[in-house]
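Architecture and fold: a report
Below are the chains, spelled out letter by letter.
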Amino acid sequence: MEVTDLAAQIRKEQKKGPVRRLRKNGFVPAVFYGRSAENMLLAVKNDTLVKIHRNKKDHAFIKLIIDDGEKKIEKLSLIKELQIQPLTGRFYHADFYEIDMKHKLTVDVSLNLVGKPVGVDNGGELQHIKREVKVSCLPADLPDHIDVDVTSLDIGDSIKVKDMKVPEGVTIIDPPDAAVASVAVIKVAKLEEAAAEVTAEEGAVAEGAEAAPAAEAAAAAPAEKAEKDKKEKKEK
């Protein structure tokens with residue numbers, strides 16, 4: 001079980017002015033809470049949080065080393081929510097949820113597709129449909145990711161949640177029939193088939209257009225002959 005240390009300090013002010021100054025000084029306002037934990041208002045360094053996020057450790061265990069001005073206390077947690085400002089991309093607020101090693105937790109775990117599908121060699125295209133699944137397990141059993149073997153997939157085949165192999169002690173909460181990955185016909189091939197069909201249809205229409213005048217002429221010939229015979233009889 002990987003644990004990342006993160007220094008934090010207690011903040012007593014939660015009004016807009018002090019919080020704005022925190023951000024200006026390179027800190028991110030945060031809160032720590034849990035099943036039995038008392039809510040604690042915190043401030044953590046923005047640079048450290050950026051590093052954790054960049055290294056994709058958002059779902060890793062975070063050991064908060066909290067300084068309350070008199071002593072330091074340690075709290076095991078997970079980042080429950082990380083708010084980011086849409087315009088600037090900077091961290092706006094962080095929620096840390098207390099981890100109890102004796103209680104199951106529910107989190108999203110990323111999926112890692114392993115192998116090259118048979119269908120890709122046959123001209124298909126691998127589609128990664130689901131990139132995360134929600135799991136329930138004890139903290140000690142929480143995997144960093146779940147591998148999904150796709151080597152046996154041929155064109156038209158798919159792997160669903162119920163087909164996945166997960167570590168012992170881990171339960172997937174997502175619907176069993178939800179598709180995780182599939183191999184489909186490459187779109188270019190589909191477009192070529194559609195173009196061929198359109199060309200064939202246009203050829204048939206053109207042939208019909210060319211045949212129409214001849215058919216009309218053939219239909220008009222008997223009428224013209226009858227009219228000619230009628231005139232000859234009158235002249236006689």
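Here, the structure is the one placed above.
Parameters at a glance
Residues numbered from 1 in each chain as written. Predicted model: local features only at pLDDT ≥ 70, side-chain atom pairs only at ≥ 80, totals over all residues. Heavy atoms only, no water. Pairing = 2+ DSSP bridges. Helix = DSSP H or I, 4+ residues; strand = E, 2+ residues; numbered from the N terminus. Axes fitted to C-alpha atoms, helices over the stretch in contact; angles between N-to-C directions. Phe/Tyr/Trp six-rings, centres within 6.5 Å; stacked < 30°, edge-to-face > 60°. Buried < 20%, exposed > 50% of the residue type's maximum accessible area, 1.4 Å probe, protein only. Lys NZ or Arg CZ within 6 Å of the ring centre and 35° of its normal.

Glancing now at the sheet that holds strand β11 (residues 158–160). Strand order across the open sheet formed by three strands is β8-β13-β11, with antiparallel pairing between neighbours. Pairing within the sheet leaves two strands with one partner each, and these edge strands are β8 (124–128) and β11. Ignoring strand direction, the axes of neighbouring strands in this sheet form an average angle of 15°. Direction of pairing for β11 relative to strand β13 (residues 179–185): antiparallel, over a ladder of three bridges. Residue Ile 159 lies in a different strand from β13, and its bridge partner there is Ala 181.

Before going further, it helps to examine the sheet that holds strand β9 (residues 132–137). The strand order across the open sheet built from four strands is β10-β7-β9-β12, with neighbouring strands paired in mixed fashion. The open sheet has two edge strands with one neighbour each: β10 (145–149) and β12 (171–172).

Attention now moves to the packing of aromatic side chains. This structure, assessed with the given rule, holds one aromatic pair. Relative to Tyr 97, the ring of Tyr 33 has its centre 5.7 Å away and its plane inclined at 75°; by these criteria the two rings are edge-to-face. Pair noted here: Tyr 33 is in strand β2 (residues 27–33) and Tyr 97 is in strand β6 (residues 91–98), with a separation of 64 residues, a long-range link. By relative accessible area, which is 24% here, Tyr 97 ends up partly exposed. The side chain of Arg 23 reaches across the aromatic face of Tyr 92, ending 3.7 Å from its centre. It is Lys 80 that lies over the ring of Tyr 97; its NZ or CZ is 5.2 Å from the centre.

None of the figures reported here should be taken as evidence of function without further support.
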